[in-house]
Amino acid sequence: MKSLGSIRRDFAPWNDPNAKPYIQFDNVTKKFGEFTAVNNLSLTIFEREFFALLGASGCGKSTLLRMLAGFEEPSAGRILLDGQDLRGIPPYRRPVNMMFQSYALFPHMTVENNIAFGLKQEGMAKADIDKRVAEMLKLVKLEQFAKRKPHQLSGGQRQRVALARSVAKRPKVLLLDEPLGALDKKLREETQFELMDLQQNLGLTFVVVTHDQEEAMTMADRIAIIDKGEVMQVATPAEVYEAPGSRFVAGFVGNVNMFDGKIAAGEAGSASINAGNGITIRTENAGSAAAGTSVTFAIRPEKIKVSSTKPAGAVNAIEGEVYDIAYLGDMTVYHVRLDDGQVVRASTMNAARLTEDPLTWNDRAWVSFRPDAGVVLTR
Ligand code: ATP
């Protein structure tokens, strides 16, 4: 059997020029009075994709979902599903279902009746409903809880009932607004994998809204980073992390160190960046930035090594002083204050129990990194 990871690695319709988008936001604007919640936004999502909308509170993520579900109409622009303009189509006639932040289970109904509710409303035959409910209970592993009421379940189980209820009608697209918001960290992590399995098994398209970057990174095929109603970048989790397109995205996803400077000299992608105070950074990732361009060099903490002596042959090595150390169990994070005052964050996995090079507060230290380790940002 193929692992979920390998299935997902092979799935990349966005790289196929002949692939037809399934959901299209086409220059969509949504205004509430004078306030613009979504600003001329375009996005495409593919069939069977697990797509995440990631952004800070108030950036317009839920508004996008609500427009797709039909609870709001765009002020301008179009939303297409499988080529069909959705304008004017009421929510219940769209092949889309939404799972809300608060699961909104019916408290007086059993688990099975909660799941059956939408099917009964649709007028499905009783035998078919029973079959579908059993299938759903199995899918979310709640067979033995069928007769319980929501208050007799844990938060994670309630979440699974809500999920079963929202996929029972076999929508083509499931919209999930902060689906794991009510769960504690450990349960969230487990449930993330369950959600991914479910999506894969049912062959559905999932669009999930979250402000939790780890959640988006774990689950999604692609992530759209949204800020103030606009798309900042759409890319796979690895691309968003390793090749952010702007300072905003680099700073929003994960931890990052940024050095502002100017390209001093360079050719064919390699460049020296003059980052002030005698710091020169040599990079192989300068792209087409020409000499004289103001840039930001961004580098992740785990790509920086900290040592008590200057590593022999290091292309980039800057001296400073250990300013802070955070021991997190699986890794240690060093904050090193460079001689110009800037604090650099470097993280090291604690693979062995004891580090060979113990560094402590106020020690002189070197931070070093490879010329291919960071990215050069011009926006
Ligand atoms: P959160 O993560 O907090 O849910 P969000 O990114 O989902 O945030 P939205 O709910 O899409 O944000 O809201 C985007 C902006 O639009 C917010 O500033 C919000 O106050 C505003 N807004 C949303 N709905 C309405 C409405 N019905 N009337 C007026 N303003 C609204």
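Since the model is a prediction, treat every value here as computed from it, not as a measurement. (Residues numbered from 1 in each chain as written. Predicted model: local features only at pLDDT ≥ 70, side-chain atom pairs only at ≥ 80, totals over all residues. Heavy atoms only, no water.)

## With respect to the site of the ligand
For clarity, the threshold we go by: Nearness of a residue to a molecule or strand requires only that one of the residue's heavy atoms be within 4 Å of it. Distance and chemistry together define a polar contact, namely a pair of N or O atoms within 3.5 Å, with one atom able to donate a hydrogen and the other to accept it when in protein, and with adjacent residues in sequence counting only for side-chain atoms on both sides. Using a 1.4 Å probe, the Shrake-Rupley method yields the accessible areas, and only the shown protein chains count as cover for residues. Working definition: helices are DSSP H or I runs of at least four residues, strands are E runs of at least two. Numbering for both runs from the N terminus.
Near the ligand you find Phe32, Phe35, Ala37, Ala56, Ser57, Gly58, Cys59, Gly60, Lys61, Ser62 and Thr63, and these make up its full shell. At 2.6 Å from an oxygen atom of the ligand is found a side-chain nitrogen or oxygen belonging to Ser57. Residue Thr63 places a side-chain N or O atom 2.6 Å away from an oxygen atom belonging to the ligand. Here the ligand, which alone exposes 630 Å², has 60% of that area covered by the protein. Looking at the shell around the ligand, the elements that each hand over two or more residues are strand E2 (35–45) and helix H2 (61–69). Among the elements that make up the shell around the ligand, the one with the highest residue count is H2 (three residues).

## Considering the domain arrangement of the protein
The following threshold applies: Domain start and end points were adopted from an automatic or database domain assignment. In what follows, residue pairs with any heavy atoms lying within 4.5 Å of each other are defined as contacts. A pairing counts as a salt bridge when a side-chain nitrogen of Lys or Arg comes within 4 Å of a carboxyl oxygen of Asp or Glu. Each residue is assigned to one of three groups, with Ala, Val, Leu, Ile, Met, Phe, Trp, Tyr, Cys and Pro labelled nonpolar, Asp, Glu, Lys and Arg labelled charged, and all others, Gly among them, labelled polar.
When cut into domains, the protein gives domain 1 (13–248) and domain 2 (256–377). Listed as interface residues are eight residues of domain 1 and, on the opposing side, nine residues of domain 2. Our count for the contact surface shared by domain 1 and domain 2 stands at one salt bridge. Linking Lys303 and Glu242 is a salt bridge whose minimum nitrogen-to-oxygen distance equals 3.1 Å. Counting every contact that joins domain 1 to domain 2 gives four residue pairs in polar contact (both at pLDDT 80 or more). The class makeup of the residues in the side of domain 1 that touches domain 2 is four nonpolar, two polar and two charged.

## Section: the pattern of salt bridges
For the coordinates displayed, the defined rule picks out 16 salt bridges. Between Lys30 and Glu72 there is a salt bridge, with the nearest N and O atoms lying 3.6 Å from each other. Separated by 42 residues along the polypeptide, Lys30 in strand E1 (residues 23–32) and Glu72 in the loop between H2 and strand E4 (76–81) bring together distant segments of the chain. Connected through shared salt-bridge partners, Lys30, Arg66 and Glu72 make up one network.

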